[in-house]
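Listed here are the chains, written in short residue letters.
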Amino acid sequence: MSELHAQTVSFVRETMIPPAPPPTRQTGALSWLRENLFSGPVNTILTLLGLAIIWFLVSHFWDWFAHSVWNAASLAECRQIIAETWGEGARGACWAVIRERWNQYLFGFYPMELYFRPVMAFGFLMVALAPVLFSESLQIRRIVLIVSAALTLVLMAVLGAPMVWLAFAAVVMIGAVVIAERHAPWLLIFSVLYPLLGIWLLWGGSLWPQIMVLASIGLGWLAWKLLVRVSPLLAMVAGVLVTLILWLVAVGPAAEDAQRLIPLAITAVDSDQFGGFLLSITIGVAGIALSLPLGIILALARRSDMFLVHTLAVMFIEFIRGVPLITLLFVASLLLNYFLPPGTNFDIILRVIIMVTIFAAAYMAEVIRGGLAALPRGQYEAADALGLDYWKAQRLIILPQALKISIPGIVSTFIGMFKDTTLVVFVGLFDPLKGVSDFVRANFAWKGVYWEPFIFVGAIFFIICFSMSRYSMFLERRLRREHR
Amino acid sequence: MADISAPAATPFRLSMLLYDRRYRSMTIQVFVFILVMAFAWWLVGNTIQNLRVMGKDFDFGFLGQRAGYDIPSPPIPYTSDDTHLRATIVGLLNTVIVSVLGCIAATVLGITVGVARLSNNWLFARLMTIYVEMFRNIPLLLWILIVYAIFTEVLPPPNAYRGEDPAASMILFDNVALTNRYTAIPSLGMTNNPGDLDLGYRILINWAVIAFAVVLIGGWFLRKAVLNHAQKVQDATGDRPVTWWKNLAIMTVPSLLLIWYFGLHLVPPELKGFNFAGGLNVQNGFVALWLALTLYTGAFIAEIVRAGILAVSKGQSEAAFALGLKPNWTMNLVILPQALRVIIPPLISQYLNLTKNSSLAIAVGYMDLRGTLGGTTLNQTGRELEAIVLMMLIYLALSLIISGAMNVYNNRVKLKER
């Protein structure tokens, strides 16, 4: 056969044809449109529906956005400007309220000349968090540190910080950047010290209580060191007891005496001057920092094989998860007077932080319990086989893996908690959403201004929460050990 | 024979309480028990002392006193002359109503959006993603306030619907009127009203409601019997009798007959004077709360549904197709049962969240449990301790009931492993 055909073949190609482009029907915008938007009747209907939604939104809001007014002293003036510029009956946004009152939305009633202090505390927070949040990547940590240092210094200067404070902040921030390059682990010392520093910067007052607290922790450590040869358990108990007793008994008076000898104080700011996002972020950050360890302990307790510990943990978690946060906040504001010794009256922000922490910790415990349960049984057995005791096994083998599994849940608990900080308005604090907005609207000039504050506050919440969720996705990718 | 391999019994020493695993857990538990008891004793002692200092007692007797405040459109008859207990029950019913309606609407919305996010349509999937991210990352309180502000600030007053050339017009074929004070919707009317059944405590139930309930529950069991019979026939002969028209008839015909018998019809709201009458005027606080809860929780449910569908591996649907199952059978028999298993547990916690979040009704003035017992009653009687404890217990009971009921359902769809 082939011989027969060998005679008939008149042409044999000897070179490759260059690859031809796909037919025009398969490429380009038209084909993309057909595939993604109009591939069938259902798809076409959906596309039209989507276009209708977009058209509805744009047609309703575009004019409003386009007619924005930034310079006005009151809503009436805004409306007048809009009517003069775009004609009678035109609607427009009055962003002047944000321009006038942005400081109350951000700082509440914090003294205006001290605004640089919360900014500084926030900048230091970034420095304290960078080695924890971005421990995996030197490059990202460097960027975060440098950007937050620069931003903090610029903002402080803009807000009129005195030279001394600017110098202090500059030394700390630049020091942090340098240390991050040389001995990164040392930055963690700053992270550990940050709570004391942050509290001092926000509330002001004497620095001595902070120093005394540090000193009592030092004494506790000393007690531990002295006794650790005798018995590790005894040493730990002694260390904790020494610290606690010093906190309860000695820190207050000692700080007062020291303050009298060597005054070391800055202007004190009262808790009821806190408000706006300063309040939300303070409660949120404190709650996040405290609820994670508490949640881990609760989760471990719930999985414990000791009956009493397990039962108590279950009761606590289910009770907290079963009631709305509002009722817990009411407990904080109304009932703590009943439960504490007569005459005790402590800070309302602290009470709220405690309640929010407890609330978030119960949810956190369930998330972490999920992570612990998802860990293969072999990991537990391997830890036992290595002869590790309970705490070493948890610390070295179980928890790192379990926490990694639960990252998405943990972060969404954080996000939920941060959003829930708006509920503090119901116990009389000035959250940015309702507390401050109601206050602004109580002024005659801004009576009836609704949408602009909602959009402003909502946008800030969105940015913070959305970046938290993106961070959790980043962390998940970073920590993934298999299938790289 | 004496077992020589057993270690010699060591005499008990005190240090074994700490260092021997057999006794250590006992020590820890005793220690924890003492700590917890001491803490409880401290709390109770403080409370007793504080109550004495304030000259109060721990007494729920205030629930029997006259409430003296009004609740707009209560679900059961209520006047300000009723007791605080009845006000509490009204509040509880309001909480339950908004939670149940919210759960239903949020589920429908969430499933729709969750599926839409997976659709091939680029534009629609993006729009749904924007919706989900917007609602998940902004506090619920903001959405409640925005929806409420839209109702109170943007919508026209009832009298805008008046006159020959009204400024506003009703929607949905003249059935619903949105105003800045209430939403007027049609009410159910009966030409042949069978009267009410008095349950005592001035709680009335219309006989028609009972009739419908009986018919629906009976229909449910009848349908089950038909399905069982079909299964039996299939097991015996291999042919499954056609059941869909029987089921359809069982579920619809008796209801239609009842509707015809009672003469059920919609009574659209009509403007009479300055207000709408004839229909049902639903207060805007309720509508705003319900809408905001639905939109907010719907976004979370959408994510859960999407994750559930994505969690079923592609091999499952391919295997189903390889077996020759039709696409809708694949969905019903292979994908959905497995997706549900992933979806149900987080869905339960969303229902719980919605119920608890309904306590934000305080922001829109809807009188739910927190508004009655934890709000006006608490303020009027000054019984903070009793009111808040009772309120927490009721919320706890609600949560436990919901999670219990859903767990039963979850156990039915759960993977049955060896």
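These figures come from a predicted structure and were not determined experimentally.

1. As for the sheet that holds strand E1 (residues 177-178) of chain B
Residue and element names in this part refer to chain B. The strand order across the open sheet formed by three strands is E1-E2-E9, and the pairing between neighbours is antiparallel. Bordering the open sheet on either side are E1 and strand E9 (280-283), each of which pairs with just one other strand. Note: strand E2 (residues 182-185) against E9, four bridges, orientation antiparallel. By the bridge assignment for E9, Ala-184 is matched with Asn-281.

2. Considering the packing of aromatic side chains
Residue and element names in this part refer to chain A. Inspection of every chain in the model, using the stated rule, returns 34 aromatic pairs over all chains. The interplanar angle of 65° and the centroid separation of 6.5 Å between the aromatic rings of Trp-451 and Phe-454 together place this pair among those described as edge-to-face. Of this pair, Trp-451 and Phe-454 both sit in helix H20 (residues 451-479), separated by three residues, roughly a single helical turn. Note on Phe-462 and Phe-466: the rings are 5.1 Å apart at their centroids and 10° apart in plane angle, and the pair reads as stacked.

3. What to know about the environment of A:Glu136
Residues and elements named next belong to chain A. Within the secondary structure, Glu-136 is located in the loop between helix H6 (116-133) and helix H7 (138-158). Judged by relative accessible area, which is 41%, Glu-136 ranks as partly exposed. Considered as a pair, Glu-136 and Pro-408 are 272 residues apart in the sequence and their alpha carbons are 18 Å apart.

4. Section: the environment of A:Ile368
Residues and elements named next belong to chain A. For Ile-368, the position within the fold is in helix H15 (residues 348-374). Using a relative accessible area of 0% as the deciding quantity, one classes Ile-368 as buried. Through-space distance from the C-alpha of Ile-368 to that of Ser-68 is 47 Å; in sequence the pair is 300 residues apart. Those residues in contact with Ile-368 that sit more than four places away from it in its chain are Leu-292, Gly-295, Ile-296, Ala-299, Leu-403, Ser-406 and Ile-410.

5. Topic: empty space enclosed by the protein
Going through the model one piece at a time under the given rule, you end up with one cavity of 30 Å³ or more. Within this model, the largest cavity holds a volume of roughly 40 Å³. What lines the largest cavity is simply A:Tyr338, B:Leu51, B:Lys56, B:Asp57, B:Phe58, B:Gly382, B:Arg383, B:Glu384, B:Leu385 and B:Glu386. Considering each element in turn, the lining of the largest cavity owes the most residues, three residues, to helix H12 (residues 384-413) of chain B. Taken together, the residues that form the lining of the largest cavity break down as four nonpolar, one polar and five charged.

6. Focus on the UniProt feature "domain: ABC transmembrane type-1" (unreviewed entry) in chain A
The UniProt record marks residues 277-472 of chain A with the feature "domain: ABC transmembrane type-1" (unreviewed entry), using the residue numbering of this structure. Counting secondary structure, residues 277-472 of chain A comes out at 78% helix and 0% strand; the distance between its end C-alpha atoms is 22 Å.

7. Remarks on the packing of helix H9 (residues 314-322) of chain B against helix H10 (residues 327-357) of chain B
Residue and element names in this part refer to chain B. Closest axis-to-axis distance for the H9/H10 pair is 10 Å, and the angle between their directions is 145°. You can see that H9 and H10 cross each other, and the crossing is right-handed. In this structure, H9 uses Gln-316, Ser-317, Ala-320 and Phe-321 to contact H10, whose residues at the interface are Pro-327, Thr-330, Val-334, Ile-335 and Gln-338. Residue composition of the contact of H9 with H10, grouped by class: five nonpolar, four polar and no charged.

The rules behind these values
- Residues numbered from 1 in each chain as written.
- Chains lettered and ligands numbered in written order.
- Predicted model: local features only at pLDDT ≥ 70, side-chain atom pairs only at ≥ 80, totals over all residues.
- Heavy atoms only, no water.
- Pairing = 2+ DSSP bridges.
- Helix = DSSP H or I, 4+ residues; strand = E, 2+ residues; numbered from the N terminus.
- Phe/Tyr/Trp six-rings, centres within 6.5 Å; stacked < 30°, edge-to-face > 60°.
- Buried < 20%, exposed > 50% of the residue type's maximum accessible area, 1.4 Å probe, protein only.
- Contact = heavy atoms within 4.5 Å.
- 1 Å grid on protein atoms, 1.4 Å probe; cavity = no way out; pocket = protein on both sides within 12 Å on 5 of 7 lines; lining within 4 Å.
- Points joined across faces, edges and corners; volume = space filled by probe spheres on them.
- Nonpolar A, V, L, I, M, F, W, Y, C, P; charged D, E, K, R; others polar.
- UniProt positions renumbered as here; feature names shortened; annotations may be inferred.
- Axes fitted to C-alpha atoms, helices over the stretch in contact; angles between N-to-C directions.
- Left-handed = near helix turned anticlockwise from the far one by under 90°.

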